[in-house]
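For reference, the chains in residue letters:
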Amino acid sequence: MNMNNFFEKFNAQLKEAIIEDYKSLLKLSDGEKAYTCALVTDSDAMTFFFAMNTIEKYNQKLIEVGNEYQSYYKWAPSEWAYGDQLSENKKISQISDILTRQRETMKDDFSDFEINLYEFMTSTLKTLIDDGYFSNMIVFISISDDARSKSIENYSAKLLNVPEKYNEFLNR
């Protein structure tokens, strides 16, 4: 299957997975004030995870570890309290299996696949924002353990957030 057909077909599955995991995480957060969420892939573009954090869990983390790395704990999805590993449904994990299989067929076109994946992740989140999800939250995509993560986070945050929220994120 070519790349464009893959992402077109994959779109509905990813949206459904994000929605189900997001709703599950909101339920787990039990009324806490969510301030951010992110869709994250790895540097090999083979997996996804979805994460969300709340003001309450962020403040609790700072009490535990101190204020020295407060920006890191506020904006690093891997450090957030709520991730799809806690979700009842774990739909994102199932989606990762599909992504892995497709990625393995694209060995010669990795850079094209990677660019298309980041655009796809961003447009999927934008569609969900337009549908009313993630209100009053800062939303972005990221790459775990990758030197390019900050630039990709910044670029996606600019596309996904109102200027006020984007500037807050940019000044992290």
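Refer to the structure presented above.
This one's a predicted model, so the numbers in the text were calculated from it and none came from an experiment.

Caption draft 1: Broad picture of the pairing of strand 2 (residues 48-54). With six of seven residues buried, strand 2 is to be regarded as a mostly interior element. Here strand 1 (residues 34-42) pairs with strand 2 via seven bridges, running antiparallel. Within the sheet, the bridge partner assigned to Cys37 lies in strand 2 and is Met52. Linking strand 1 to strand 2, which pair antiparallel, is a turn of five residues; within it Ala45 sits at a positive phi near 55°. Note that strand 2 and strand 3 (residues 82-83) share two bridges and pair antiparallel. Among the inter-strand pairings, Met52 is bridged to a residue of strand 3, identified as Tyr82.

Caption draft 2: Region of interest: the packing of helix 6 (residues 149-160) against helix 7 (residues 163-170). Two elements in contact, helix 6 and helix 7, have axes separated by 9 Å at closest approach and are oriented at 165°. Classified by the angle their axes make, helix 6 and helix 7 are roughly antiparallel. Taken as a pair, helix 6 and helix 7 cross one another with a handedness that is right-handed. Each of Glu153, Asn154, Ala157 and Lys158 in helix 6 lies in contact with helix 7, whose residues at this interface are Tyr166, Phe169 and Leu170. When the residues that make up the contact of helix 6 with helix 7 are grouped by side-chain class, the tally is four nonpolar, one polar and two charged.

Caption draft 3: Representation of helix 6. Between its first and last C-alpha atoms helix 6 spans 16 Å; for twelve residues at 1.5 Å apiece the expected length is 16 Å, and the two agree. For helix 6, every residue scored as buried is listed here: Ser149, Ile152, Glu153, Asn154, Ser156, Ala157 and Leu160. Buried-residue contacts for helix 6 involve helix 5 (110-130), strand 4 (138-144) and helix 7.

Caption draft 4: Just the packing of aromatic side chains, in detail. The tally for this structure, following the rule as stated, stands at 18 aromatic pairs. Ring centres of Phe7 and Phe120 lie 4.9 Å apart, and the angle between their planes is 40°; on these two criteria the pair is classed as tilted. Placement of the pair is Phe7 in helix 1 (residues 3-29) and Phe120 in helix 5, with a sequence separation of 113 residues. By relative accessible area, Phe7 is classed as buried at 7%. An angle of 15° between the planes, with centres 6.2 Å apart, marks the rings of Phe10 and Phe48 as stacked.

Caption draft 5: Structural view of the layout of surface pockets. Roughly 340 Å³ of internal volume is contained in the largest pocket. Tyr72, Trp75, Ala76, Pro77 and Glu153 are the residues nearest the centre of the largest pocket, which is lined by 17 residues in total. Taken together, the elements giving at least two residues each to the lining of the largest pocket come down to helix 3 (70-75), strand 4 and helix 6. The computed volume of the second largest pocket comes to approximately 180 Å³. Surrounding the second largest pocket, Ile115, Tyr118, Glu119, Thr122, Lys126, Ile141, Ile152, Tyr155, Ser156 and Leu159 form its lining. Contributing elements (two or more residues each) for the lining of the second largest pocket: helix 5 and helix 6. Per-element accounting of the lining of the second largest pocket gives the leading share, five residues, to helix 5.

Caption draft 6: How the structure looks around helix 5. Here helix 5 contains 21 residues, and its C-alpha end-to-end distance of 30 Å stays within 8% of the 30 Å for a straight helix at 1.5 Å per residue. Inspection of helix 5 places Phe113, Glu114, Leu117, Tyr118, Phe120, Met121, Thr122, Thr124, Leu125 and Leu128 among the buried residues, and these make up the whole buried set. At the exit of helix 5 stands Gly132, carrying a positive phi of roughly 100°.

Caption draft 7: Quick look at the nonpolar core. Counting 36 residues, the largest nonpolar core has Ile18, Phe48 and Phe134 as its most contacted members. At the level of elements, helix 1, strand 1, strand 2, helix 4 (91-104), helix 5, strand 4 and helix 6 are the ones that each hand at least two residues to this core. Residue contributions to this core peak at ten residues, all from helix 1. In terms of nonpolar packing, the next biggest core, distinct from the first, is built from 14 residues, Tyr35, Tyr58, Leu62 and Phe169 among them.

How each quantity is defined
- Residues numbered from 1 in each chain as written.
- Predicted model: local features only at pLDDT ≥ 70, side-chain atom pairs only at ≥ 80, totals over all residues.
- Heavy atoms only, no water.
- Buried < 20%, exposed > 50% of the residue type's maximum accessible area, 1.4 Å probe, protein only.
- Helix = DSSP H or I, 4+ residues; strand = E, 2+ residues; numbered from the N terminus.
- Pairing = 2+ DSSP bridges.
- Axes fitted to C-alpha atoms, helices over the stretch in contact; angles between N-to-C directions.
- Parallel < 35°, antiparallel > 145°, perpendicular 65-115°, else oblique.
- Left-handed = near helix turned anticlockwise from the far one by under 90°.
- Contact = heavy atoms within 4.5 Å.
- Nonpolar A, V, L, I, M, F, W, Y, C, P; charged D, E, K, R; others polar.
- Expected span 1.5 Å × (residues − 1).
- Phe/Tyr/Trp six-rings, centres within 6.5 Å; stacked < 30°, edge-to-face > 60°.
- 1 Å grid on protein atoms, 1.4 Å probe; cavity = no way out; pocket = protein on both sides within 12 Å on 5 of 7 lines; lining within 4 Å.
- Points joined across faces, edges and corners; volume = space filled by probe spheres on them.
- Core = buried A, V, L, I, M, F, W, Y, C linked by side-chain atoms within 4.5 Å.

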